[in-house]
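Letter by letter, the chains look like this.
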Amino acid sequence: MNKGIMFYKIFIPILVLGIGLSISFGIYIYFSTVRSVTDSIATNKQTYMMQMRNNLEQKIRTIEYAFNTYSTTSSFSEVVKNPITERDFIAYRDVNTQLNYIATMGLDGATYSLISLNQNWQISSGRLTHLTAPQRQQLYRQYVDSQDQSLFWVKTDSGIRFVNTLPVFSTRKQAIALSDISAATLNRTLHTEDNSPVFILNRQGELMYDTGDNASMLANQQVRELPGTIGNEQAVGMLTLNNDANKPAQLIYAKSAYNNWVYFTVLDPSEIAAALQTTRYGLITIELVLILLITMVAYGIALYFTKPIQQIRHSLPTAAHVQSKNEIEWILSSINHILTEKQSLETLIEAEQPQLETQLVLNLFRNRIKADELDGQLERLGYTGLDGRHYVTMLIQLDSLGKRSIADRDVLMLAMNKIAEELIPAEQRLLPIILNDDTQATILMFSDMNEQEIRKQVIAYAKLMVRSVRDYLKLSVSVGISRTYDSLLSSKEAVEMSKQALHQRLNLGKESIIFYEDISNVVSGPVLLHYPTELEARLFDGIRLGDEEQVSASLYPLMAEFMKKSRHSMDLEVMLVRLVNNLIQLEQLLGLEVLLTRDNQALYHRLLSIRNPEEIERILVEQVIFPMVRSMKEKTSEQFRCLSETIADIVRQEYDRELSLEMIGDRLHYNPNYLSSIFKKEYGTTFSDYLMSYRLEMAKKWLTETDQTIKEIAERLQYHNPQNFIRSFRKKEQVTPGTYRKMRQMT
C-alpha cells in the first residue's frame, strides 16, 4: 500500500531520532557501565594492592627490626668477633637460635643468614660454612663498598634478598645479615583471587618482583620511571601510561610510605571485557527491543497524522495536471485547481449568462420550454416579480444592407441588437436576441398599463430604434409588432404575428412600423398576375450573349414592372417564383451551373423570406443574373481547358519516356511558355511538378505490386541517378522507397 511522501517524512525522522536517542542512550549506559566496572575492578585491585603492600611490608619491617635489634645485643658483638668452628657448639647454637627466632617472625619459607666479616664464617639454614678470601671480597664489593645504606633489598635469581650490614650505625661493618625470600614464598604472599599479575618496584625503579609477563605491555624506561611518575601523589591510585605500541595501559598501584616501594598491577582489558560481556548482550537486546518499539511508535504516529491527509487526498478528484509527489503540495494544488475551476465556472457562468438568457428567449420563440421550468430559469437569470405583466414581441428587420457586403451582415446585426439593449430599459424587456440573419427580436414587458398606453410606449421604442439604426449604422429597418399577451409561453405565437406584420413591408416600403392588429383583418382578394414577358426575353438574350450592358438595360425595368403590378405580397411572390424557374431552365439550356450550386439551392426560400424589394433586387442582380453572364464569358475559355487536359493525357500515357513541355509544344504547335501558364491555371501546379507526382504515383504502384528493384523503377521513370529518385520520393512521401515497400508489405 502506498503510504505517500508525508508518511515517510514523518515516519523516517521519528524513527531516526528515536533510534539515535536509543543508541546514544545505549552508548552512554555502556560507557557508564564500562567506567563503573573499570572503577569497581580498579577499586578491588587497589584493595588487593594495599593488602599485599601492608602484608609484605609488615613482614619486611619485622625482619629489619629483628636484625637491627639483634645487632645491638652484646651476644651479637661477642659472636661476630670470635671465630666459630665445629667445636664452638654453644656459639653456633646461639646464632642459629637467633636466626630461627627471626624466621618465626618473618615470612614462611624465607632463608636467614648471618655472615661474620671479621672471622669469615656464615651460618645459613642451620649450616656453618667458612668464607674464602674471594668470597669475602665479593661480599664487601657487593654489599658494603657499593652501597651507601646499611639496610637495603636486592633482587636475586630466586627472589629478593634483604641485606643488613652490621652494625647499622657504624662505618666499620663487622657482619652481614641476609634474608632470602624465594619467588615461591612471594607468590604465596602476594597471591590474588583473580590471579592478577603483581609487580614491585624499589625506590630506584628497579623491578624487584613480578608474577607475570604483563609488564611487557610497558616499556622498561616507563617501569623505571614509574616511582618518579607517581611522586608524592596519593599512596593508592590508578595511572594510565602508553606502551611502545602507543596503546594505553592502566596501572593500579599502591606506594609504600616505609620504603617507597611501588606495588602495581596492570588492568587487563580482557578482564573488563569478560565482566562486560553479559552487560553488552543485555544492552544489545534492550536496544533491539527499543528500536522495535520506536519503529512501531513511529509507524503509528506517522499513520495517525497522515490518515486525514490520505482521506482528503482520496476524496479529491484525480487531477492530471498535478505532478507533485508530496501529498500536501498535491492537496494544495488540487484545492487551488478546484478553486480556480470554481472561479472559472463562476466567471464562465457570469460570462455565459447572456448566452443562457439568449437561449431562454429562443426557446420561448420555439415553444421548447415547459411552464414548470420557466419560473426557475427566469429566477436564475434575475427576473423576479413578473406576475401580472403584459408582453409584446417586437421584430426589427433589415430593409437592405446598402453598399455593405454580406460579410458585414453579422456585425451589423450585433450592432443593432446592442442598440436595442441600450435604448430599451432592462426592467421593460428580456434580453434582445438575433432571431435570424436579418431579424432582431425583443420581448417587451409592461406592468400597470392599459392597451393604449402599451401601444404608445411600443411605438416610441420602435421609432427610437429606426432612428438610431439610421443614424449610427446608416441602415434602414422595419419593425413588426405582435399583439399584447399575458404569458411568456405564448411567445411563439407572438413572434409569428410580428413576422406576418413584416410581410406587409412590400406594400408599405422601408422603415415601416407595422402592428399585427392593423393587418390581421385584411382579406386578400383575387390575385391578378401581369407578368412582363417581353422584358424577361430581352434579359435572357443578354445573358445568352454574355453582354452585361444589355442585361443591365433589361433587368431594372423588369424589377420595376414586378413592383408596379404587385398589389399584394402574394403577387410579387408568384412573379419571383416564375422568374427563378425560367432562369433555371435557361441555365440548363446554356450548360451553366450558377443556380444549381450549393449556395443557391435555397434561393426560393431566401427570396420569399425577404420582404424588402431593394434586397430582393440586389440578390437577383449580384448572386444570380450577373454570375450567369460571367459564366457565359468563361465558356469562351473552354479551349484552354481542353488544351490542358490534352497535356495531362500525354503525361499519363508517356510518363515512362523522355518528356518535356518543349516536346509537347512542338507536337501541339504551341509556345511552351504559353502552355505552361495555361496548365498551371487549370491544374494549379506546374507541368514539371505534375509529371513528377504522376511518376511517383506509378512508382508507389510498382513498389507495391511488382518485384522491380528501386534502381529499375528509377531508370524506367527516366531518373538517370537513383539517388535523385529516392530523394524525390522521400520528399513527397516522407519515407524512402525501400521503407515504403516494407510498410505496404506489412499491411
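Only a predicted model underlies this, so the values are computations on that prediction, with no experimental measurement involved.

Reading the values: the criteria
- Residues numbered from 1 in each chain as written.
- Predicted model: local features only at pLDDT ≥ 70, side-chain atom pairs only at ≥ 80, totals over all residues.
- Heavy atoms only, no water.
- Axes fitted to C-alpha atoms, helices over the stretch in contact; angles between N-to-C directions.
- Helix = DSSP H or I, 4+ residues; strand = E, 2+ residues; numbered from the N terminus.
- Parallel < 35°, antiparallel > 145°, perpendicular 65-115°, else oblique.
- Left-handed = near helix turned anticlockwise from the far one by under 90°.
- Nonpolar A, V, L, I, M, F, W, Y, C, P; charged D, E, K, R; others polar.
- Pairing = 2+ DSSP bridges.
- Patch = residues over 30% accessible without salt bridge, like charges linked within 9 Å, V, L, I, M, F, W, Y side chains within 5 Å.
- Areas by Shrake-Rupley, 256 points an atom, 1.4 Å probe, with all protein chains shown as cover.
- Salt bridge = Lys/Arg side-chain N within 4 Å of Asp/Glu carboxyl O.
- Lys, Arg positive; Asp, Glu negative; His and termini not counted.
- Charge placed at Lys NZ, Arg CZ, Asp CG, Glu CD.
- pLDDT = per-residue confidence, 0-100.
- Contact = heavy atoms within 4.5 Å.
- Buried < 20%, exposed > 50% of the residue type's maximum accessible area, 1.4 Å probe, protein only.

Right, let's talk about the packing of helix α1 (residues 5-71) against helix α8 (residues 269-315) for a bit. The contact between α1 and α8 brings their axes to 8 Å, and the two run at 160 degrees. When the axes of α1 and α8 are compared, the pair comes out roughly antiparallel. Handedness of the α1/α8 crossing: right-handed. Residues of the contact of α1 with α8, tallied by class, amount to 26 nonpolar, 8 polar and 4 charged.

The pairing of strand β2 (residues 121-124) with strand β3 (residues 127-130) spans 4 bridges and is antiparallel. If you follow Trp121 over to β3, its bridge partner there is His130. Linkage of β2 to β3, two consecutive antiparallel strands, is achieved through a turn of 2 residues, within which Ser125 is found at a positive phi near 55 degrees.

You can see Val624 is positioned in helix α20 (residues 613-635). Remark: the alpha-carbon pair of Val624 and Val580, spanning 44 residues in sequence, is separated by 9.1 Å.

Taken together, Asp372, Glu373, Asp375, Glu379 and Asp387 make up a surface patch of like negative charges. As for its placement among the helices and strands, Asp372 is situated in helix α10 (residues 371-380).

With that settled, consider a nonpolar patch on the surface. A grouping of Val289, Leu292, Leu293 and Met296 is seen on the molecular surface, where their side chains present a nonpolar patch of about 390 Å² in accessible area. Positionally, Leu293 belongs in helix α8.

This part takes up the confidence of the model for the protein. Taken residue by residue, the protein gives an average pLDDT of 79. The fraction at 70 or more is 86%. Scored below 50 in pLDDT, residues 523-529 makes 7 contacts in the model with residues more than four places away or belonging to other chains.

Next up on the list: the pattern of salt bridges. Enumeration according to the criterion identifies 11 salt bridges in this entry. For Arg652, the salt bridge goes to Glu645, with nearest N and O atoms at 2.7 Å. In this structure Arg652 comes out as partly exposed when scored by relative accessible area, which is 28%. Classification of Glu645 by relative accessible area gives partly exposed; the value is 35%. We note a salt bridge from Lys700 to Glu733, for which the minimum N-O separation is 3.2 Å. Pair noted here: Lys700 is in helix α24 (residues 687-705) and Glu733 is in helix α26 (residues 722-733), with a separation of 33 residues, a long-range link. Lys700 sits in the buried class, given a relative accessible area of 15%. Because the salt bridges share partners, they merge into one network encompassing Glu697, Lys700, Lys732 and Glu733.

Time to look at the pairing of strand β1 (residues 111-116). Within β1, 5 of the 6 residues are buried, which leaves it mostly tucked inside the rest of the structure. When β1 meets strand β6 (residues 175-182), the two strands line up antiparallel, connected through 6 bridges. Pairing of Ile115 across the sheet is with Ile176, part of β6. Bridging between β1 and β2 involves 4 bridges; their strand directions are antiparallel. When the sheet's bridge partners are listed, Ser113 is paired in β2 with Ser124. Two successive antiparallel strands, β1 and β2, enclose a turn made up of 4 residues, where Asn120 displays a positive phi of approximately 60 degrees.

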